[in-house]
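Listed below are the residues making up each chain.
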Amino acid sequence: MRRAAGRRIAGRSVRWLSVALATTLVASDPADAYLKLGVRAGDRLVTLRWSQLPVRYFVSDTGAPGVSAQQFREAIDRAFATWQAVPTSSFAATFAGFTSARPQDEDDMNVLGFRARPELERVLAATTFTVDTRTGEIVESDIFFNTTFQWSTAAAGETGRFDLESIAVHEIGHLLGLGHSAIGETELQPTGRRRVIAASTVMFPIAFSAGSTEDRRLKPDDIAGASDIYPEGRFRSEFGSISGTVTKNGTGVFGAHVVALDLRRGHLVGNFSLDDRGSFAIAGLEPGLYVLRAEPLDDADIDGFFEPAARVDVDFRPVVLDRLVVVPRGGGSARVDIRVTPK
Amino acid sequence: MLAAVLGACVLWPASSAAQAPRRRLEVSGGALVQGGYELGTREATLVRNQPGGGSFTLFRTDSRVETAAGAELRVAYQLTRALAAEAGLTWIRPALRIRTSGDAENAPAVTARDRFSQYTIEGSIVLHLEPLAVGGAIPFVRAGAGHLRQLFDANTLVETGRAYHIGGGLTFWTGRGGRRLRGWGLRGDGRLYVLDGAFEVRARPRMYGAAGAAVIVAF
């Protein structure tokens, strides 16, 4: 995360935040049920969210090689529509027009567009925010797509080009307030970079290979997160949660990744232990029986999830909990303790 | 052919050596053993980062409901001497066993086991085959269906389904009474159930067997 100097608008204290595809997020409160973006206001953590919907977004009137402005707009519209189609989430957005403004300009407009950022050779796209640090209200958010990379809006994707709609779905997930999810597996390459082997969330910090259109589709983990921030209708009364702790030798583990498998539906939803007691909570779960698995955060850079100062413990072996967890309708499971052992 | 045999059993008078008492109502209660059954495999899968996608298995689960004992209560109303309409209530507390294995990062395999309560309210048609009685044992056949309810974790989760059954057994009338209490005896039977709904890993019917032994009283 890059933090610029704060500025004041109409008596509110605002701060400019940046979230790139592979950069740091602020840890949210351990009572929160999903890794959300947040800011520190004094000694407390405030979750970022839009207080007024629909979000009005502008699209740059300048395209990029291989993508016209109109094609860009249509892909962005589809990406927003993907998030709006979540039946348990009230998030909404509306196209407000084309603009010559560039993303990341402080202009009180939510702008999506291209920018040439060759120095960010590992960053496909990034989302920036202007927020009210007292309330966590998102005042403005921009998304840029880096023209250092080659882009495509082809219906079936294009070999060698990144699918713009897929990357837009990920970035719009940040725009609405979601952090990164760790439901994925990677391998370390000789270059020192990580390559995704597989994932089951569009909010994984590392993108699928160029040409893939997989991240156009939201997964259960993404849907749970969006619904948790913007619950719609009877979401809270129909879905449940799992909470507990991850401990090692009796001590809480911070930053453990916990995944819940819905035995009936096969859905995977995850979250992290977010305090020194190892407390975690996973919400947005359909009623049923679950198997829990805890693993260290070792499939992506830690600063893709937590601020650098966070003391994430990765010195433990993955473990599956040896008891079933029952998620009731509209309620929480009995608390569980997942005990892990050092590597 | 089967209809002809059953029709003959309904109409043919039984010998006095193996006759059920004349009765309107039968009440029976006793023990039940329900057989286990497989629920299937569920894998925690991710989408592969390759052309065409494909699955990557993070870990695998195999689920089974284990054999368990319980109790049941039945009340039957005699429509004819041979044919009865019966209502039954069964209660059982089996264990659900989940075995995890094949973890992509070598998390140790574990077995989780959790008990749940299961109630079934069912209706049946019972046909007593007195002409086929042997040595005082009167055979019968039964078929029916019911509503099944599974309660997990102190009733915080309820799963419901439908259970269909067919089976048969033997009734031994060991004593005869007077005007009110017409008789008493013992009953043993076996059943095959087909379960639809309730907790499932794969959306498909499951089959399991059950056997019961009960004390029976006729009014």
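Residues numbered from 1 in each chain as written. Chains lettered and ligands numbered in written order. Predicted model: local features only at pLDDT ≥ 70, side-chain atom pairs only at ≥ 80, totals over all residues. Heavy atoms only, no water.

Caption draft 1: Quick peek at the overall build of chain B. Scanning chain B from terminus to terminus reveals one helix and 11 strands. Tracing chain B from N to C terminus, the helices and strands come up as α-β-β-β-β-β-β-β-β-β-β-β. What you see for chain B is a C-alpha radius of gyration of 23 Å, clearly larger than the 17 Å of a compact globule of 219 residues, by over 25%. If you line up chain B on its principal axes, its C-alpha atoms span 75 × 40 × 25 Å. Sorting the 219 residues of chain B into buried and exposed places 46% on the buried side. Look at the contacts in chain B between residues 6 or more apart in sequence, and 66% of them connect residues 24 or more apart. The centroid of the 26 positive side-chain charges in chain B is displaced by 10 Å from the centroid of its 17 negative side-chain charges. (Helix = DSSP H or I, 4+ residues; strand = E, 2+ residues; numbered from the N terminus. Rg over C-alpha atoms; globule rule 2.2 N^0.38 Å. Buried < 20%, exposed > 50% of the residue type's maximum accessible area, 1.4 Å probe, protein only. Contact = heavy atoms within 4.5 Å. Lys, Arg positive; Asp, Glu negative; His and termini not counted. Charge placed at Lys NZ, Arg CZ, Asp CG, Glu CD.)

Caption draft 2: Expanded view of the environment of B:Val33. Residues and elements named next belong to chain B. Looking at the element boundaries, Val 33 is found in strand 1 (residues 25-34). Considered as a pair, Val 33 and Val 215 are 182 residues apart in the sequence and their alpha carbons are 15 Å apart. Leave out the neighbours within four places in its chain, and Val 33 touches Thr 67, Ala 68, Ala 69, Gly 209, Ala 210 and Ala 211.

Caption draft 3: A look at the interface of chain B and chain A. Across the contact, 32 residues belong to chain B and 39 residues belong to chain A. Across the chain B to chain A interface the summed buried area is about 2900 Å²; carbon plus sulfur atoms make up 64%. It is B:Val47, B:Asn49 and B:Glu105 that lose the most area in chain B upon contact with chain A, and together they represent 25% of the buried surface on that side. A:Arg293 serves as the salt-bridge partner of B:Glu105, at 3.0 Å between the closest nitrogen and oxygen. (Buried area = accessible area lost by both parts, 1.4 Å probe. Salt bridge = Lys/Arg side-chain N within 4 Å of Asp/Glu carboxyl O.)

Caption draft 4: Spotlight on the pairing of strand 7 (residues 110-115) of chain A. All names here are of chain A. Within strand 7, six of the six residues are buried, which leaves it mostly tucked inside the rest of the structure. As paired strands, strand 7 and strand 9 (residues 137-146) are joined by four bridges and run parallel to one another. Paired with Leu 112 across the strands is Ile 143, a residue of strand 9. (Pairing = 2+ DSSP bridges.)

Caption draft 5: Structural view of the packing of aromatic side chains. Residues and elements named next belong to chain A. Summed over the entire model, instances satisfying the criterion amount to 18 aromatic pairs over all chains. Relative to Phe 114, the ring of Phe 72 lies with its centre 4.7 Å away and its plane at 45°, an arrangement referred to as tilted. A residue pair is termed long-range when its members are at least 10 positions apart, and Phe 72 in helix 1 (residues 69-84) and Phe 114 in strand 7 qualify at 42 residues. Residue class for Phe 72 comes out buried when judged on its relative accessible area of 0%. Assessed through its relative accessible area of 10%, Phe 114 is described here as buried. Each ring, one from Phe 72 and one from Phe 145, has its centre 5.5 Å from the other, and the planes form 85°; the classification is edge-to-face. Pair noted here: Phe 72 is in helix 1 and Phe 145 is in strand 9, with a separation of 73 residues, a long-range link. Taken as a pair, Phe 72 and Phe 145 share a single burial class, namely buried. (Phe/Tyr/Trp six-rings, centres within 6.5 Å; stacked < 30°, edge-to-face > 60°.)

Caption draft 6: Highlighting helix 2 (residues 164-175) of chain A. Residue and element names in this part refer to chain A. Compared with the 16 Å implied by 1.5 Å per residue over 12 residues, the 16 Å span of helix 2 between its first and last C-alpha is a close match. Counting buried positions over the 12 residues of helix 2 gives 12, a clear majority of the element. Just downstream of helix 2, Gly 177 is the residue with a positive phi angle, here 120°. (Expected span 1.5 Å × (residues − 1).)

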